[in-house]
Amino acid sequence: MQLNGVLIDDEFAEAFGMKATRVIITAQNLTWAYHAATAATGFATSVIGCGCEAGVERELTSAETPDGRPGVAILLFAMSGKELAKQIERRIGQCVLTAPTSAAFAGLTEGEPVALGKNLRFFGDGFQASKQISGRRYWRIPVMDGEFLVEETTAIMPAVGGGNFLVLAESQPQALAACEAAITAMKKIPNVIMPFPGGVVRSGSKVGSKYKALIASTNDAFCPTIRGVTRSQLSPEIGSVMEIVIDGLTAEDISKSMRVGIQAMVDLGPSEGVRRISAGNYGGKLGKFHFRLHEIMAP
Amino acid sequence: MSSLRLTLRERTAQRVDLAPLTIDLLAGRSLAAVGAIELASGNRRLRVDRLFTLEGTPGDTIEIRGDASQLDRIGAGMTGGRVIVQGDAGDQLGLGMTGGVIEVSGSVGAFAASGMRGGEIRIAGDAGDFLAGAIPGNHQGMQGGLVLVSGNAGDRAGDRMRRGTVLVAGDTGDYCASRMVAGTIGVWGKVGRSTGLAMRRGTVLLQQSPSTLPPTFNDCGEFPFSFLTLLARAWKDLPAPFGTLPDSGVRVRRLMGDLANDGRGEILIRL
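These numbers come from a predicted model, not from an experiment.

**Student:** Explain helix α1 (residues 30-40) of chain A to me, and be specific about the residues and the numbers.
**Tutor:** Residues and elements named next belong to chain A. The complete set of buried residues in α1 reads A33, A36, A37 and A40. With its buried residues spanning 95° around the axis, α1 presents them on a single face. Close packing links the buried residues of α1 with β3 (12-26), β4 (53-60), β5 (71-78) and α3 (81-96). Capping the start of α1 is the job of one residue whose side-chain oxygen sits 3.2 Å from the backbone nitrogen of T31: N29.

As structure tokens, then:
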């Protein structure tokens, strides 16, 4: 398939079933909501090393938040509900409870409830107070700047993690520019996050390694600097490859996000160095969700 | 939806227990079967059709007309539907109810909403003593739901209340929130003496500064609590004055007590 002169590989992205939740973080202003949200979603690029994958989903206006203050919605994904619950508590406790003026609320109500402020309340050392409002329980924890308001639980739901696509460009600056255009477009899609730094990953991996201790290692077939000494999938004009990884609440959300992201890259075209779009998979045997590029980009 | 209308033939001299007449208990019964139900009145039993004229069909609404101020436990234990009282109602209105709505166009007696766990009670007139309070022998008063009183409430409103919300547009008597365990009481008028006596936890939100404050409550300062926004938004569809609390910029003075009894309750006075 060719779109605007860009070759779309007949490949598919292989994704996995995960568990996810949304947390709404508010603060006195958007700056401080972002400080809390950025910290809470920090070091959360991959479940392999970070325990969860997390990111800012979108900004929320005062009218969209429970306490009428500006805020941001974050999404957190993990391989199991138990691990996700652990990560939620740890991250909200260390990064939101501690952030001046912040408050945290459940962003999902349907699904299995897990603790949000249920255990954090004990930080109040007996001075914490609960309030049930419209059938939902909140905790008011006294802190030095006033009161930390946090909902007792949030809900977790089945989700999908690991949707991806690769851009193969003539140079590193052109690959990065294509990714930036894609991320800008993809950030407008709800229910998804791109958990890597700036939404982009340059160290795509393959399963296994020559070193026994490693379960994954660099995706040498897409590394341009060793194309002469490995089974490279890169033609001579490709000078740099980057990947965008997507986690979404549903497979449809990931499909939609991939489509707008790839379209943004395609729109740049070969004149901006974008030559090919591909996707990462493990032969289709590991992940139950397959996102075929040709189907996603079908007119 | 079908409804049953009960019109009182005459004001009863003795109090009558109306607990058997709930939507759940009457479901599927014929009008004649409803009329044959016997109600306790002191040491006597009174047939429903001797007390009321009956119209309609038992369904999801019961309407009671006439001076029902001697009729106690209206809507007791109800789980859903609607009870409309055109006029006054007796004691223990909505006792232990878990769902549904009770609307009273007049005033009600003592212990309204006692043991209530869910649903809503709207009283257009006044409420007697022990509104949402524990009946003697019970450790807890109201345990959930919403009560709106457009008039005044008597003494001991919210006594041993455990959960839920009571909003009073007018004044409350003495000892409001006495022995309160948790929950929320909002008062738009004046409160009597010793508000919060032996209060353990919970919130009393006052729109007016009380003339006296209990000595066992300590002043904690003035703050714009975020949870008040959540409360205001939850109440915004309620009739005035309950729905008029602004959802931003509300500052309150916080007093915590009763320090003679746990001391984690709060009286919030709107500034």
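Moving on from the model shown.
**Student:** How would you explain the packing of helix α4 (residues 172-186) of chain A against helix α5 (residues 251-268) of chain A if you had to name every residue and give the values?
**Tutor:** Helix packing for two helices is described by the angle between their axes and how far apart those axes are. All names here are of chain A. Two elements in contact, α4 and α5, have axes separated by 8 Å at closest approach and are oriented at 140°. The orientation of α4 relative to α5 falls into the category oblique. Seen along the crossing, α4 lies across α5 with a hand that is right-handed. Residues A177, A178, C179, A181, A182, A185 and M186 of α4 form the contact with α5, whose own contacting residues are S257, V260, G261, A264, M265 and L268. Residues of the contact of α4 with α5, tallied by class, amount to 11 nonpolar, two polar and no charged.

**Student:** How would you summarise the layout of surface pockets if you had to cite specific residues and measurements?
**Tutor:** All names here are of chain A. The space that makes up the largest pocket amounts to roughly 990 Å³. Forming the boundary of the largest pocket are 36 residues, of which I48, S205, K206, E243 and Y282 lie nearest the centre. In terms of residue count, the dominant contributor to the lining of the largest pocket is strand β11 (residues 153-169) (four residues). Tallied by class, the residues present in the lining of the largest pocket amount to 17 nonpolar, 13 polar and six charged.

**Student:** Any chance you could break down the packing of aromatic side chains for me, citing the residues and the numbers?
**Tutor:** Tallied over the full model, the rule gives seven aromatic pairs over all chains. A ring pair is formed by F105(A) and Y138(A), whose centres lie 6.1 Å apart and whose planes are at 70°; its orientation type is edge-to-face. Of the two residues, F105(A) is situated in strand β6 (residues 103-106) and Y138(A) in strand β9 (residues 136-143); the sequence distance between them amounts to 33 residues. Judged on exposure class, the residue F105(A) and its partner Y138(A) are both buried. Seen from their ring centres, F111(B) and F130(B) are 4.8 Å apart, and the 15° between their planes marks the pair as stacked.

**Student:** Describe the interface of chain A and chain B, listing the residues and the values that go with them.
**Tutor:** Contact with chain A, which involves 19 residues of that partner, is made by 16 residues of chain B. Counting each side, the surface lost to burial between chain A and chain B is near 1400 Å², with a carbon and sulfur contribution of 54%. In terms of surface lost to chain B, no three residues of chain A exceed K131(A), I133(A) and R140(A), which account for 36% of the buried area on that side. At the junction of chain A with chain B, the criterion picks out one salt bridge. For R140(A), the salt bridge is made with E266(B), and the minimal N-O distance between the two is 2.6 Å. Where chain A packs against chain B, one counts six residue pairs in polar contact (both at pLDDT 80 or more). Taken together, the residues of the side of chain A that touches chain B sort by class into six nonpolar, seven polar and six charged.

**Student:** Hey, could you go over α3(A) for me, with residue numbers and the actual values?
**Tutor:** Along its 16 residues, α3(A) runs 21 Å from first to last C-alpha, staying within 8% of the 22 Å computed at 1.5 Å per residue. Within α3(A), the full set of buried residues consists of G81(A), L84(A), Q87(A), I88(A), R91(A), I92(A), G93(A), C95(A) and V96(A).

**Student:** Go over a nonpolar patch on the surface, please, and point to the residues and values.
**Tutor:** All names here are of chain A. Taken together, V207, Y282 and L286 make up a surface patch of nonpolar side chains, about 290 Å² in accessible area. Checked against the element boundaries, V207 lands in strand β13 (residues 205-207). We classify V207 as exposed; its relative accessible area is 54%.

**Student:** Report on empty space enclosed by the protein, specifying residues and quantitative values.
**Tutor:** Residues and elements named next belong to chain B. The final tally for this structure, using the stated rule, is one cavity of 30 Å³ or more. One number sums up the size of the largest cavity: a volume of about 30 Å³. Together, L18, L21, I62, I64, I74, G75 and V83 line the largest cavity.

Rules behind the numbers
- Residues numbered from 1 in each chain as written.
- Chains lettered and ligands numbered in written order.
- Predicted model: local features only at pLDDT ≥ 70, side-chain atom pairs only at ≥ 80, totals over all residues.
- Heavy atoms only, no water.
- Buried < 20%, exposed > 50% of the residue type's maximum accessible area, 1.4 Å probe, protein only.
- Helix = DSSP H or I, 4+ residues; strand = E, 2+ residues; numbered from the N terminus.
- Arc of directions from axis to C-beta.
- Contact = heavy atoms within 4.5 Å.
- Polar contact = N/O pair within 3.5 Å; in protein donor to acceptor, adjacent residues only side chain to side chain.
- Axes fitted to C-alpha atoms, helices over the stretch in contact; angles between N-to-C directions.
- Parallel < 35°, antiparallel > 145°, perpendicular 65-115°, else oblique.
- Left-handed = near helix turned anticlockwise from the far one by under 90°.
- Nonpolar A, V, L, I, M, F, W, Y, C, P; charged D, E, K, R; others polar.
- 1 Å grid on protein atoms, 1.4 Å probe; cavity = no way out; pocket = protein on both sides within 12 Å on 5 of 7 lines; lining within 4 Å.
- Points joined across faces, edges and corners; volume = space filled by probe spheres on them.
- Phe/Tyr/Trp six-rings, centres within 6.5 Å; stacked < 30°, edge-to-face > 60°.
- Buried area = accessible area lost by both parts, 1.4 Å probe.
- Salt bridge = Lys/Arg side-chain N within 4 Å of Asp/Glu carboxyl O.
- Expected span 1.5 Å × (residues − 1).
- Patch = residues over 30% accessible without salt bridge, like charges linked within 9 Å, V, L, I, M, F, W, Y side chains within 5 Å.
- Areas by Shrake-Rupley, 256 points an atom, 1.4 Å probe, with all protein chains shown as cover.

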